[in-house]
Amino acid sequence: MAVGINAMPVTFVAHALAIIAAIMVLVWTISFRGGLAWEATNKNLIFNLHPVLMLIGFIILGGEAIISYKSLPLEKPVKKVIHLVLHAIALALGIWGICAAFKNHNESGIANLYSLHSWIGIGVISLYGFQWLYSFGLFFYPGGSANLRSSVFPWHAILGLFVYILAVGNAALGFLEKLTFLESGKLDKYGTEAFLVNFMAIVTILFGALVVLTASAKSTSSSPPVDDESNYSYSAI
Ligand code: HEM
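Quick notes on the rules
- Residues numbered from 1 in each chain as written.
- Predicted model: local features only at pLDDT ≥ 70, side-chain atom pairs only at ≥ 80, totals over all residues.
- Helix = DSSP H or I, 4+ residues; strand = E, 2+ residues; numbered from the N terminus.
- Buried ≥ 20, exposed ≤ 12 C-beta atoms within 10 Å, placed from the backbone.
- Contact = placed C-beta atoms within 7 Å.
- Near = placed C-beta within 6 Å.
- Nonpolar A, V, L, I, M, F, W, Y, C, P; charged D, E, K, R; others polar.
- Expected span 1.5 Å × (residues − 1).
- Core = buried A, V, L, I, M, F, W, Y, C linked by C-beta atoms within 7 Å.
- UniProt positions renumbered as here; feature names shortened; annotations may be inferred.
- Axes fitted to C-alpha atoms, helices over the stretch in contact; angles between N-to-C directions.
- Parallel < 35°, antiparallel > 145°, perpendicular 65-115°, else oblique.
- Left-handed = near helix turned anticlockwise from the far one by under 90°.

Enquirer: I would appreciate a short explanation of the overall build of the chain in the present structure.
Expert: Check the secondary structure of the chain and you find six helices and zero strands. Reading the helices (α) and strands (β) of the chain from amino to carboxyl end gives α-α-α-α-α-α. Based on the C-alpha atoms only, the size of the chain along its principal axes is roughly 60 × 35 × 25 Å. When the 237 residues of the chain are sorted by exposure, 32% land in the buried category. Intrachain contacts of the chain at a sequence separation of at least 6 include 75% that bridge at least 24 residues.

Here it is as structure tokens:
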């Protein structure tokens, strides 16, 4: 299954949305919510690391890892290394971001893992880690047989997109949850901050949609497949 569009221009719009979302989350946490810190008496500053690391680290870098095959004019073996390294960084920053949420809860005396957002979050990060580990062993080192690689590849692509869509949806849930907490305090429901958070969620969803569209587009590469992963493109689905 491949969508008949040229992926490259779509990736430019995706990069632009990624930059906008990254600026929005930094403006929100630093200018509206007091800043970022790993150690602080104001525990909200520890929480603020959570959306920053989850959005810039996990969602944006993870999305860039997925579209790297279509967005970079490089040889496939180089793109493969970029793909797995970007996913590794996204996974590491995602784990750090979740640790920041736990640290904030533990130091503020708040219960852990009580919300749907947190349950889906644990599911997403576990599936992401699982996907990275078996894919590293199968497609990179030590590597499986050509037959095994080509039969597992469609599962790699479909699970990768499924987990990514779940991650974007869960980020939207996280924005909703935090904004609802703030609005049940004193925050103006139609104020600047409320609009900033809601638009940030929309930009995140649009970025996620373009990542999925890019991944589902036909590979524009004119070179023949160099390995058994069907041209190593999500359009192999
Ligand atoms: C895919 C990205 C995300 C994942 C995997 C994720 C995961 C998690 C996890 C596992 C927790 C539980 C921490 C604990 O119980 O101590 C949590 C808490 C929280 N997260 Fe996220 N998160 C993500 C993105 C976001 C974003 C973008 C926001 C926006 C502000 C956010 C807001 C919250 C809030 C308010 C909490 C505390 C309340 C709760 O536990 O539900 N999250 N997150």
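Right, picking up where we left off after that structure.
Enquirer: Looking at this structure, I do not really get the site of the ligand. What am I missing?
Expert: Contacts to the ligand come from 25 residues, most closely from M54, S115, S118, G121 and G174. Counting residues per element, the ones that place at least two in the shell around the ligand are α2 (43-71), α3 (76-108), α4 (116-140) and α5 (146-183). Sort the elements by how many residues they give to the shell around the ligand and α5 lands first, with seven residues. For the shell around the ligand, the per-class residue count stands at 14 nonpolar, nine polar and two charged.

Enquirer: I tried to follow α4 on my own but got confused; where do I start?
Expert: Every α-helical turn comprises 3.6 residues, leaving residues that sit three or four positions apart pointing alike. Between its first and last C-alpha atoms α4 spans 35 Å; for 25 residues at 1.5 Å apiece the expected length is 36 Å, and the two agree. By the burial criterion, the buried members of α4 are S118, G121, V124, I125, Y128 and F139.

Enquirer: Would you take a moment to explain helix α6 (residues 192-216) for this structure?
Expert: The end-to-end C-alpha distance of α6, which contains 25 residues, comes to 36 Å, matching closely the 36 Å that a straight helix rising 1.5 Å per residue would cover. For α6, the full list of buried residues reads V197, M200, A201, V203, T204, F207, G208, L210, V211, T214 and A215. On its buried face, α6 is in contact with α1 (7-32), α2 and α5.

Enquirer: What am I meant to see in the nonpolar core here?
Expert: Side chains of a nonpolar character, in soluble globular proteins, are inclined to be buried together. Core analysis: the largest hydrophobic core is formed by 41 residues, its most contacted members being A21, F58, I59, M200, F207 and V211. Those elements that provide at least two residues to this core are α1, α2, α3, α4, α5 and α6. Take this core: its biggest share by element is 14 residues, from α2. Those residues in contact with A21 that sit more than four places away from it in its chain are L55, I60, M200, V203, T204 and F207.

Enquirer: Help me understand the environment of H50, please; the structure alone is not making it clear to me.
Expert: Position of H50 relative to the elements: it lies in helix α2. Along the chain, H50 and L148 lie 98 residues apart, while their C-alpha atoms are 38 Å from each other. When neighbours within four sequence positions are excluded, H50 is seen to be in contact with G97, A100 and A101.

Enquirer: Can you help me understand the UniProt feature "transmembrane region" (unreviewed entry) in the chain in this one?
Expert: Here the UniProt feature "transmembrane region" (unreviewed entry) sits at residues 12-33, 45-69, 81-102, 114-134, 154-176 and 196-217. Helix and strand shares over residues 12-33 are 95% and 0% respectively, and the end C-alpha atoms of the span are 31 Å apart. The span residues 45-69 shows a helical share of 100% and a strand share of 0%, and its end C-alpha atoms are spaced 36 Å apart.

Enquirer: Which parts of the structure should I look at to understand the packing of α1 against α6?
Expert: To characterise two packed helices, one gives the angle between the axes of the helices and the distance between these axes. Taken N-terminus to C-terminus, the directions of α1 and α6 make an angle of 155°; their axes are 9 Å apart at the nearest point. Our classification of the angle between α1 and α6 gives roughly antiparallel. The handedness of the crossing between α1 and α6 comes out as left-handed. Residues of the contact of α1 with α6, tallied by class, amount to 21 nonpolar, three polar and one charged.

Enquirer: Got a minute to help me understand the packing of α1 against α2 in this structure?
Expert: Two elements in contact, α1 and α2, have axes separated by 10 Å at closest approach and are oriented at 170°. Relative to α2, the element α1 is oriented roughly antiparallel. Contacts from A7, M8, T11, A14, A18, A21, A22, V25, L26 and T29 of α1 reach α2 at N48, P51, V52, L55, I56, I60, G63, E64, I67, K70 and S71. Taken together, the residues of the contact of α1 with α2 sort by class into 14 nonpolar, five polar and two charged.

Enquirer: Explain unusual backbone geometry to me, please; I cannot follow it from the model alone.
Expert: With the exception of glycine, most residues fall at negative phi, and the peptide bonds are largely trans. With an omega of 0°, the peptide bond running from Y141 to P142 counts as cis. Tracing the backbone shows P142 in the loop between α4 and α5. Phi is positive for L113, close to 50°, though the residue is something other than glycine. Residue position: L113 is located in the loop between α3 and α4. Look at L113 and you get exposed, because 12 C-beta atoms sit within 10 Å.

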